[in-house]
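# A closer look at the structure
Residues per chain, in single letters:
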Amino acid sequence: MADAGNDYRLRCLKQMLRIRLVEETIAERYAEQEMRCPVHLSIGQEASAVGVCDALLSDDRLFSSHRSHAHYLAKGGNLKAMMAEIYGKRDGCIGGRGGSMHLMDPDVGMMASIPIVASSIPLATGTALSDKFDKNGKVTISFLGDACLEEGVFHESANFAKLRGLPIVYVCENNLYSVYTKLADRQPDRPLTDIPAAHGIAHRHVDGNDLEAVREAALWAVETARSGNPTFLQLDTYRWREHCGPNYDNHIGYRTEEEFQTWRLQDPLERYRKALEESGTLGPASFADLEKNTQAEVNDAFAFAITSPLPEPTEALAHVYA
Amino acid sequence: MSMPEATSAPDAPVINMGTAIRDGLLEAARRDPSVIFFGEGVEDPAALFGTLKDIGKHIGHDRMIEMPIAENGLIGIAIGAAMAGKRPVVSLQRVEFALLALEQILNNAAKAHYVSNGRHNVPLVLRMIVGRGWGQGPEHSQSMEAIFAHVPGLKVIMPAFAEDAKGMIAAAVEDDNPVVVIEHRWSHYTTSPVAEGYLHRPLDGPRTVRKGDGLTIVATSYMTLEAVRAADKLAEAGYPVEVLDLRVIRPLNLDPIVESVARTRRLMTVDTGFRMFGIGAEIASEVTSRCFDLLDAAPVRLGLPDHPTPSSRGLVKGFYPDAARIARTAAEMMGLDDTRISAMEEEILADRKDLPLDVPDPFFKGPF
Ligand SMILES: Cc1ncc(C[n+]2csc(CCOP(=O)(O)OP(=O)(O)O)c2C)c(N)n1
């Protein structure tokens, strides 16, 4: 890209594509039974991870949940270490202790992924508290699903963040489902943003499949948070595959094929690619190149994970105490 | 009969354990600006039974963080702050309030180091108080150390003596792991000479507080005081027994216990929790498997019976193990005749006079 103002566009496109290809490859190879841990794919939700993380500095912090691949990669996590972790190998980002739901790398601000719903929200609020003490200008991002708004700990944390003016952004990726349960069956019919609003927290609600919209909202949220005003983003999006696992599950009856297809047309990657092509930022050939090179990188990471040794059982005893 | 080793000079000021904890926390916070306090009523006039009194005046009020009534969230916040380099000390007025945050404590505090492959530390102190007495009842007086001690990654300590508490609380603050400190409200009243200024006591497990060959009693927290009283009576009667104050529940250092039992050939445990699935069960089974053939008698565990802690003085009669029961059980294990045992028991009860069951015995004002 010649135009510096456009740099982020190609960067974000590439990042979304990379996440997509990684997860498609996981889905493809999952049946080999070598990735022996649950995987929660965010295929279809890439714009939120990438748009938010592109608004961050590398030492800003991020906490995630069970659906953490995209967050980890978008925050600069090491792809090889992620794949080795999913394969349960010694070179995994935490040595095979956690698998797919425990991706972390504090060197790039990826603090933790925690698969208990809402459990990482107070931790994120706590790093924000610490950073406020240290006046180091860092912002913490707390990625949360729509179901997290049902847990008390969200309210406890949001109340405290507002009370103390903490540099935190709560990013709600609203994909409408908690496993098989629709939002409408779990929460009353009111804007999700009423909840942070009730805590006095500034908020924005944008299309979570629109990379530019997400990034712009994130830039606002992060800057506002940096000045000591916690913020909340609602990003509407949709997961394509089953809640946990590599398959499609539209046939089992909790959601309709029509609903899926409507969202399928909102594919954040495809939308962004088209937009960049139409604006002349990207030529069709260069996307094919990008795809080829990225898939090669992904294949390398899988090969690395597959050949990495399994950890020894005695290693399981390490790090119980600091 | 020998007294516990004293590291504070005998002419050091005599203070109670509550004050000793406060002094220990203050000294630790003065040495390290990353120490911050969280609590419900952290600077209110009661200052958590005085254990946080005026700390903010000395280290700055911004390090005293008032907790909204939101234990799961706030303890999670403290864990996060610890991951980012703070040394939070969370103080709860009752053990039970920590139960609202078990998810955070057992999943995140205990495991952050492990699931980060050693990258994260959680140097957190979680203080919680056993509120025994005055009809505190089923939800305000439980002693739940077994729950926390069950979980790898946590350390669990229960100081019983003032000087020990001062030094151990400083060690807890300095420890790079989450340390659960369970303080028994009745131990707060015990007094002893305690050195002024900074004091550090390593979290290294049992300490012998009475010496003797007849029997080994391993006690925790406030039960150590009851055991000491029983041991003193037994010694007067010519049957000195050994009392070990466990102090550190996890990591459990069994060596001094096994060493003592190998000498006395008898083990009794007495702890503040429920007997079933409790600390005593763990110690008795470990000791039995390590020195089965050295035992002259089956180990005996004293603890709370199998029902919640009732509130009424009527209902708590016989609920808590006390010096009389400890003395009787010990004497029976040593094969003393019943008349002698009964006489000793009567003496202990007479010493306590008509004191109600729901207040601590002034005997425990020490110094120990
Ligand atoms: C405390 C807790 N309760 C239940 C679960 C089981 N569970 C795992 S993921 C999930 C749904 C979470 O939905 P949401 O937060 O909206 O995220 P999404 O999976 O849609 O990305 C549930 C209920 C859990 N992990 N933790």
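An account of the accompanying structure is given in this report. These figures come from a predicted structure and were not determined experimentally.

### Section: the packing of aromatic side chains
All names here are of chain A. Within the structure shown, the criterion is met by 11 aromatic pairs over all chains. Seen from their ring centres, Tyr177 and Tyr254 are 5.4 Å apart, and the 85° between their planes marks the pair as edge-to-face. Taken together, the residues Tyr177 in strand β5 (residues 177-178) and Tyr254 in the loop between β8 (231-236) and α9 (257-264) connect sequence positions 77 residues apart. On the accessibility criterion, Tyr177 (6% relative accessible area) is buried. Under the relative-accessibility criterion, Tyr254 is labelled buried at 10%. With a centroid separation of 6.4 Å and 80° between ring planes, the pair formed by Trp240 and Phe260 is classed as edge-to-face.

### So, the sheet that holds strand β4 (residues 87-92) of chain B
Residues and elements named next belong to chain B. Reading across from one edge, β3-β2-β4-β5-β7-β6-β12 is the order of the seven strands in this open sheet, with mixed pairing throughout. The open sheet has two free edges, formed respectively by β3 (64-66) and β12 (248-250), since each of these has just one partner strand. Geometrically, the sheet is characterised by an average inter-axis angle of 20° between neighbouring strands, direction not taken into account. Note: strand β2 (residues 35-39) against β3, three bridges, orientation parallel. Along β3, the bridge assignment pairs Gly39 with Glu66. Against the sheet, helix α7 (residues 162-174) engages β2, β4, β5 (125-130), β6 (155-157), β7 (179-184) and β12, with an angle of about 155° to β7.

### Overview of the sheet that holds strand β9 (residues 207-210) of chain B
Residues and elements named next belong to chain B. A sheet is described by the order of its strands in space; here five strands give the open sequence β9-β11-β10-β13-β14, paired in mixed fashion. Looking at the sheet topology across the chains shown, the edges are occupied by β9 and β14 (300-304). This sheet shows a mean twist of 25° between the axes of neighbouring strands, independent of strand direction. Where strand β13 (residues 267-274) lies against β14, four bridges are found, and the strand directions are parallel. Paired with Thr269 across the bridge in β14 is Arg301. Together, β10 (216-219), β11 (242-245) and β13 form the strand contacts of helix α9 (residues 255-264), whose direction differs from that of β11 by roughly 170°.

### Some points on the interface of chain A and chain B
Tallying the contact residues gives 37 residues for chain A and 40 residues for chain B. Overall, the association of chain A and chain B removes approximately 3000 Å² of surface from exposure, summing both partners, and the carbon and sulfur fraction of that is 63%. On the surface where chain A and chain B come into contact, there are two salt bridges. Of the charged contacts in the structure, one is a salt bridge between Lys86 of chain B and Asp134 of chain A, with a shortest N-O distance of 2.8 Å. Joining chain A to chain B, the criterion identifies 17 residue pairs in polar contact (both at pLDDT 80 or more). Take the side of chain A that touches chain B: its biggest share by element is nine residues, from helix α5 (residues 120-134) of chain A.

### Notes on the site of the ligand
Residues and elements named next belong to chain A. In the vicinity of the ligand lie 15 residues, with His66, Arg67, Pro115, Asn175 and Tyr177 positioned nearest. Between Asp146 and the ligand, the recorded distance is 3.0 Å, taken from a side-chain N or O atom to an oxygen atom. Here Asn175 contributes a side-chain N or O atom positioned 2.8 Å from an oxygen atom of the ligand. Its residues placed into classes, the shell around the ligand shows seven nonpolar, five polar and three charged.

Reading the values: rules and limits
Residues numbered from 1 in each chain as written. Chains lettered and ligands numbered in written order. Predicted model: local features only at pLDDT ≥ 70, side-chain atom pairs only at ≥ 80, totals over all residues. Heavy atoms only, no water. Phe/Tyr/Trp six-rings, centres within 6.5 Å; stacked < 30°, edge-to-face > 60°. Helix = DSSP H or I, 4+ residues; strand = E, 2+ residues; numbered from the N terminus. Buried < 20%, exposed > 50% of the residue type's maximum accessible area, 1.4 Å probe, protein only. Pairing = 2+ DSSP bridges. Axes fitted to C-alpha atoms, helices over the stretch in contact; angles between N-to-C directions. Contact = heavy atoms within 4.5 Å. Buried area = accessible area lost by both parts, 1.4 Å probe. Salt bridge = Lys/Arg side-chain N within 4 Å of Asp/Glu carboxyl O. Polar contact = N/O pair within 3.5 Å; in protein donor to acceptor, adjacent residues only side chain to side chain. Near = heavy atom within 4 Å. Nonpolar A, V, L, I, M, F, W, Y, C, P; charged D, E, K, R; others polar.

Interpretation note: all reported values are geometric properties and have no functional meaning in isolation.
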